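Residue strings, one per chain:
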Amino acid sequence: MKNLPAALVCAFTLLPAAHAATLAEKLDAAIADESRPAADRERDENRKPKETLTFFRLQDDFKVVELVPGGGWYTRILAPVLKEKGQLYVAIGTKGVEANLVGKPGFEAIKVLPVELNATQEGRRNNIAAIDLGVRDVDMVLTFRNLHNFTEAGRANLNAAVFAALKSGGYYGVVDHTRRHMAEDTYETWRRMDPVQMIKEIETAGFEFVDYSTLHYRPDDELRYEVGRKTVTGNTDRFTLLFRKPK
């Protein structure tokens, strides 16, 4: 600018810097994206993704692992938020995401972790042997409504793998359907988990319990019916728990 008139130099100097989108703005944009399936958007009010991810302390420069992403409901929100400064990995049960999202416009940054899973069916749940997620020093691991799919031994191995993948101070956020404390495991309740038991199991893996949220508290859910029943589905009480790997 040395050859420009002083007045023009001053004008350029006073131009406002380009606005950098905040995390809240990125979440809003991802949630409002019209490419999201209508069925996904219909669940926003119930699942409260912005509030949930904010509670979990997500940042847009985090390296995040999403476990058992299913059809990619949360993946569709996490990927665009993290694409500029962060990284999103998906692991275990990734076929739906691989078919529908990986490599597609806007989702190029998703990386699939090829976890070797030795799983056996035990009753209604899967038991998995010790696993390695194949990454280290990530900032956050998330899983939504999946703990109930694994046996107690399987959950122990999963939690140990999460602990190994996280950096010191990294966060582990979990959501699942609530079962009444110490209630029997029956056909009606097997897809519900006792939050007290989940806290104890995850702490046993070495984690610190940080906080819980009532975002998904549903006082009219009696906690005793199968979560897929018409009178319950879409309105189940879900525990929302945050843990941290000690620094």
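Residues numbered from 1 in each chain as written. Predicted model: local features only at pLDDT ≥ 70, side-chain atom pairs only at ≥ 80, totals over all residues. Heavy atoms only, no water.

## Comments concerning unusual backbone geometry
Move 1: Look at R57: it is not a glycine, yet its phi comes out positive at around 70°.
Move 2: With respect to the helices and strands, R57 occurs in the loop between helix 5 (49-55) and strand 1 (63-67).
Move 3: Positioned with a positive phi, R145 is a non-glycine residue whose angle comes to about 60°.
Move 4: Structurally, the position occupied by R145 is in the loop between strand 6 (138-144) and helix 8 (152-165).
Move 5: The exposure class assigned to R145 is buried, which follows from its relative accessible area of 19%. (Helix = DSSP H or I, 4+ residues; strand = E, 2+ residues; numbered from the N terminus. Buried < 20%, exposed > 50% of the residue type's maximum accessible area, 1.4 Å probe, protein only.)

## Some points on empty space enclosed by the protein
Move 1: Using the criterion set out here, one finds one cavity of 30 Å³ or more in the structure.
Move 2: The computed volume of the largest cavity comes to approximately 30 Å³.
Move 3: For the lining of the largest cavity, the class distribution of residues is three nonpolar, one polar and three charged. (1 Å grid on protein atoms, 1.4 Å probe; cavity = no way out; pocket = protein on both sides within 12 Å on 5 of 7 lines; lining within 4 Å. Points joined across faces, edges and corners; volume = space filled by probe spheres on them. Nonpolar A, V, L, I, M, F, W, Y, C, P; charged D, E, K, R; others polar.)

## Side note on helix 9 (residues 195-204)
Residue pairs three or four apart in sequence face the same way in an α-helix, which turns once every 3.6 residues.
Move 1: Restricting attention to buried positions, one finds in helix 9 the residues P195, M198, I199, E201 and I202. The buried residues of helix 9 occupy an angular sector of 165° when the element is viewed end-on, so they sit on one face. Exposed residues lying more than 90 degrees from the buried face of helix 9 are K200 and T204.
Move 2: Considering only its buried residues, helix 9 is in contact with helix 8, strand 7 (166-177), strand 8 (208-213) and strand 9 (238-244). (Arc of directions from axis to C-beta. Contact = heavy atoms within 4.5 Å.)

## Let's talk about the environment of W73
Move 1: The topology assignment puts W73 in the loop between strand 1 and helix 6 (75-82).
Move 2: The class for W73 is buried, based on a relative accessible area of 8%.
Move 3: Between the alpha carbons of W73 and E208 there is a distance of 28 Å; along the sequence they are 135 residues apart.
Move 4: With sequence-adjacent residues up to four places away left out, W73 is seen in contact with R36, D40, R43, D44, R47 and P49.
Move 5: Among the polar contacts listed, one links the side chain of W73 to the backbone oxygen of D40, at a separation of 3.1 Å. (Polar contact = N/O pair within 3.5 Å; in protein donor to acceptor, adjacent residues only side chain to side chain.)

## Quick notes on the sheet that holds strand 7
Move 1: Spatially, seven strands are ordered 3-2-1-6-7-9-8 in an open sheet, and the strand pairing comes out mixed. In this open sheet, the two strands that pair with only one neighbour each are strand 3 (111-113) and strand 8. Averaged over all pairs of adjacent strands, the angle between strand axes in this sheet comes to 20°, irrespective of strand direction.
Move 2: Contacts from helix 6 reach strand 1, strand 2 (87-91) and strand 6, with the element oriented near 150° to strand 2.
Move 3: Strands in contact with helix 8 are strand 1, strand 6 and strand 7; relative to strand 7, the strand with the most contacts, it is inclined by about 145°. (Pairing = 2+ DSSP bridges. Axes fitted to C-alpha atoms, helices over the stretch in contact; angles between N-to-C directions.)

## Topic: the packing of aromatic side chains
Move 1: Per the stated rule, a full pass over the model turns up eight aromatic pairs.
Move 2: Both rings, one in Y74 and one in F144, keep their centres 3.7 Å apart while their planes meet at 5°; by these two values the pair is stacked. Here the residue Y74 occupies a position in the loop between strand 1 and helix 6, and F144 occupies one in strand 6, the gap between them amounting to 70 residues. F144 matches Y74 in its accessibility class, with the two residues each being buried.
Move 3: With centroids separated by 5.1 Å and ring planes inclined at 85°, the aromatic side chains of F163 and F207 adopt a geometry described as edge-to-face. Of the two residues, F163 is situated in helix 8 and F207 in the loop between helix 9 and strand 8; the sequence distance between them amounts to 44 residues.
Move 4: Site record: aromatic cluster; members linked through ring pairs are F55, F56, W73, Y74 and F144.
Move 5: Sitting above the plane of the F163 ring, K245 keeps its charged end 4.7 Å from the centroid. (Phe/Tyr/Trp six-rings, centres within 6.5 Å; stacked < 30°, edge-to-face > 60°. Lys NZ or Arg CZ within 6 Å of the ring centre and 35° of its normal.)

## Concerning the pairing of strand 5 (residues 125-128)
Move 1: Two strands pair when backbone bridges link them, and strand 4 (residues 119-122) and strand 5 are joined in this way by four bridges, in the antiparallel orientation. For A119, the partnering residue across the bridge sits in strand 5 and is I128.
Move 2: Counted along the chain from strand 4 to the antiparallel partner strand 5, the turn is two residues long, and its residue G123 has a positive phi close to 65°.

## Looking at the side chain of D40
Move 1: Relative to the assigned elements, D40 resides in helix 3 (residues 38-41).
Move 2: Apart from residues no more than four positions distant in its own chain, D40 is found in contact with W73 and R76.

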